[in-house]
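Each chain, written out:
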Amino acid sequence: MTAADLRETGSRSRLSASPPRRKEPLIPKDWVTGYGLMLPVLIICGVALAFAMASTVLTSFWTQEGVRIIPGFTLRNYAEAVTNPLYQLTMMRSLVISISTTALTILLAYPIAYFLAFYAGSRRTLWLILITTPFWTSYLLRVFSWKVILGYNGVINSGLKIVGLISEPLDFLVYNPIAVILTLVHAWLPFAILPLFVSLEKIDRSYLEAATDLGDSPRDRLWRIVFPLSVPGVMAASLMIFIPTVGDYVTPQLVGGPDGQMVASSIVELFGRVNDKPLGSALAIVSILIVTAISLTYMFFTRRISERIG
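Quick look at the structure, then. Keep in mind it's a predicted model, so treat the numbers as computed, not measured.

**Looking at the overall build of the protein**
Next up, step 1: Looking only at helices and strands, the protein features 14 helices and two strands.
Next up, step 2: Taken over C-alpha atoms, the radius of gyration comes to 29 Å for the protein, far larger than the 19 Å a tight globule of 310 residues would show.
Next up, step 3: Sorting the 310 residues of the protein into buried and exposed places 36% on the buried side.
Next up, step 4: A separation of at least 24 residues holds for 69% of the contacts in the protein among residues at least 6 apart in sequence.
Next up, step 5: When the accessible surface of the protein is totalled, it reaches about 19600 Å², and 69% of it is carbon and sulfur.
Next up, step 6: The protein carries 25 positive and 19 negative side-chain charges, and their two centres are separated by 6 Å.

Structure, rendered in structure tokens:
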């Protein structure tokens, strides 16, 4: 074999040899960059939240005597928060109002998000701008507007009196749980539409085309394909509404009246007029634990139902 043949054989072997595999880093560079940009905000929010939670938990085990808080360890505050009928009533009312608000908001938001994702076309941006217009005004002003609409001498009562349908104003429109639910649904509807729209927008349209070719009706496509694939958006929207509305304070104070007060009102009263910060802290911790348990249970069963439907 000549030298030329050896060189040719060597070059062929080098060409046929596979290039060495590049070692992938344990931590992706994009991950490091993304979390590195968020690190300052995460540290500030994490430290603030940890300090607030630690302070609340610690105070909940102390005792209030007059204007003095006596450090120590007692479960009396938790027993009072769990067994007191007043706090049981406000907690149950808060859960009922929040769950009703969440369910009604999702039912109203899903068709709107479905329209935006599948039928809005080139006008989608305009619709999204119109949906987010409530964010341009203060939340407090929006609540006040409903008080003006539902009030004793508000828009509805004045309009009904002008057309002669009533002689005296209706006193059941405001200062009750229904008014709280109505106001919360209006305030939180955009927060439900946006995550639902994002979830529906990500659905691969080829799935719908294949289902149509196989003879599925629009209702079958919605129930068997669109809804299971949009469950993450439904879950995110539900939790985004349920968790904050349980602890809402402004809306019950303005349109709830005595029958529409929620647990946040009791907590504020304990920290303020009653001057019992340990009991208020215990009630706040109990509320957080209840909301966390309900949220985790909801996430578990929602995923199971989604898997069965899919």
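**So, the nonpolar core**
Next up, step 1: Of all hydrophobic cores here, the largest spans 39 residues; its most connected members are Leu196, Leu200, Val226 and Val255.
Next up, step 2: Taken together, the elements giving at least two residues each to this core come down to α4 (85-118), α6 (139-150), α8 (177-201), α9 (205-213), α10 (218-229), α11 (231-246) and α12 (250-256).
Next up, step 3: At 13 residues, the largest contribution of residues to this core is made by α8.
Next up, step 4: If sequence neighbours within four positions are ignored, Val226 has contacts with Tyr110, Tyr114, Phe118, Leu200, Ile203, Leu208 and Arg221.

**Observations regarding the packing of α4 against α8**
Next up, step 1: At a closest axis distance of 6 Å, the pairing of α4 and α8 adopts a crossing angle of 40°. Relative to α8, the element α4 is oriented oblique. For the pair α4 and α8, the crossing hand works out as right-handed.

**A short note on the environment of Gly72**
Next up, step 1: With respect to the element layout, Gly72 can be found in the loop between β2 (68-70) and α3 (76-83).
Next up, step 2: Given a relative accessible area of 43%, Gly72 falls into the partly exposed group.
Next up, step 3: Taking the C-alpha atoms as reference, Gly72 lies 5.1 Å from Trp62; in sequence the two are ten residues apart.
Next up, step 4: Contacts of Gly72, omitting those with residues within four sequence positions, involve Phe61 and Trp62.

**A few points about the pattern of salt bridges**
Next up, step 1: Enumeration according to the criterion identifies four salt bridges in this entry.
Next up, step 2: Put simply, Glu201 and Arg124 hold a salt bridge, and the shortest N to O gap is 3.2 Å. Of the two residues, Glu201 is situated in helix α8 and Arg124 in helix α5 (residues 124-131); the sequence distance between them amounts to 77 residues.
Next up, step 3: Using a relative accessible area of 21% as the deciding quantity, one classes Arg124 as partly exposed.
Next up, step 4: For Glu201, the salt bridge goes to Arg205, with nearest N and O atoms at 3.9 Å.
Next up, step 5: On the basis of relative accessibility, which here comes to 31%, the residue Glu201 falls in the partly exposed class.

**With respect to α11**
Next up, step 1: When the terminal C-alpha atoms of α11 are compared, their 22 Å separation across 16 residues agrees well with the 22 Å that a helix rising 1.5 Å per residue should span.
Next up, step 2: Restricting attention to buried positions, one finds in α11 the residues Val231, Gly233, Val234, Met235, Ala237, Ser238, Leu239, Ile241, Phe242, Thr245 and Val246.

**Quick notes on the packing of aromatic side chains**
Next up, step 1: The full count for this structure, using the stated rule, is nine aromatic pairs.
Next up, step 2: Ring geometry for Phe61 versus Phe73: centroids 4.9 Å apart, planes at 20°, classification stacked. Taken together, the residues span a long stretch of sequence, with Phe61 in the loop between α2 (29-60) and β1 (63-65) and Phe73 in the loop between β2 and α3 at a distance of twelve residues.
Next up, step 3: Residue Phe73 is classed as exposed on the basis of its relative accessible area, which comes to 64%.
Next up, step 4: A ring pair is formed by Tyr110 and Phe227, whose centres lie 6.3 Å apart and whose planes are at 55°; its orientation type is tilted. Separated by 117 residues along the polypeptide, Tyr110 in helix α4 and Phe227 in helix α10 bring together distant segments of the chain.
Next up, step 5: Classification of Tyr110 as buried rests on a relative accessible area of 13%.
Next up, step 6: Among the aromatic residues, those joined into a cluster by ring pairs are Phe61, Phe73 and Tyr78.

**Concerning α6**
Next up, step 1: Compared with the 16 Å implied by 1.5 Å per residue over twelve residues, the 17 Å span of α6 between its first and last C-alpha is a close match.
Next up, step 2: Every buried residue of α6 is accounted for by Arg142, Val143, Trp146 and Leu150. The buried residues of α6 occupy an angular sector of 100° when the element is viewed end-on, so they sit on one face. With respect to the buried face of α6, the exposed residues turned more than 90 degrees away are Leu141 and Val148.
Next up, step 3: Where α6 is buried, its residues contact α7 (155-162), α8 and α12.
Next up, step 4: Where α6 starts, the residue carrying a side-chain oxygen 3.2 Å from the main-chain nitrogen of Leu140 turns out to be Ser138.

Quick notes on the rules
- Residues numbered from 1 in each chain as written.
- Predicted model: local features only at pLDDT ≥ 70, side-chain atom pairs only at ≥ 80, totals over all residues.
- Heavy atoms only, no water.
- Helix = DSSP H or I, 4+ residues; strand = E, 2+ residues; numbered from the N terminus.
- Rg over C-alpha atoms; globule rule 2.2 N^0.38 Å.
- Buried < 20%, exposed > 50% of the residue type's maximum accessible area, 1.4 Å probe, protein only.
- Contact = heavy atoms within 4.5 Å.
- Areas by Shrake-Rupley, 256 points an atom, 1.4 Å probe, with all protein chains shown as cover.
- Lys, Arg positive; Asp, Glu negative; His and termini not counted.
- Charge placed at Lys NZ, Arg CZ, Asp CG, Glu CD.
- Core = buried A, V, L, I, M, F, W, Y, C linked by side-chain atoms within 4.5 Å.
- Axes fitted to C-alpha atoms, helices over the stretch in contact; angles between N-to-C directions.
- Parallel < 35°, antiparallel > 145°, perpendicular 65-115°, else oblique.
- Left-handed = near helix turned anticlockwise from the far one by under 90°.
- Salt bridge = Lys/Arg side-chain N within 4 Å of Asp/Glu carboxyl O.
- Expected span 1.5 Å × (residues − 1).
- Phe/Tyr/Trp six-rings, centres within 6.5 Å; stacked < 30°, edge-to-face > 60°.
- Arc of directions from axis to C-beta.
- Polar contact = N/O pair within 3.5 Å; in protein donor to acceptor, adjacent residues only side chain to side chain.

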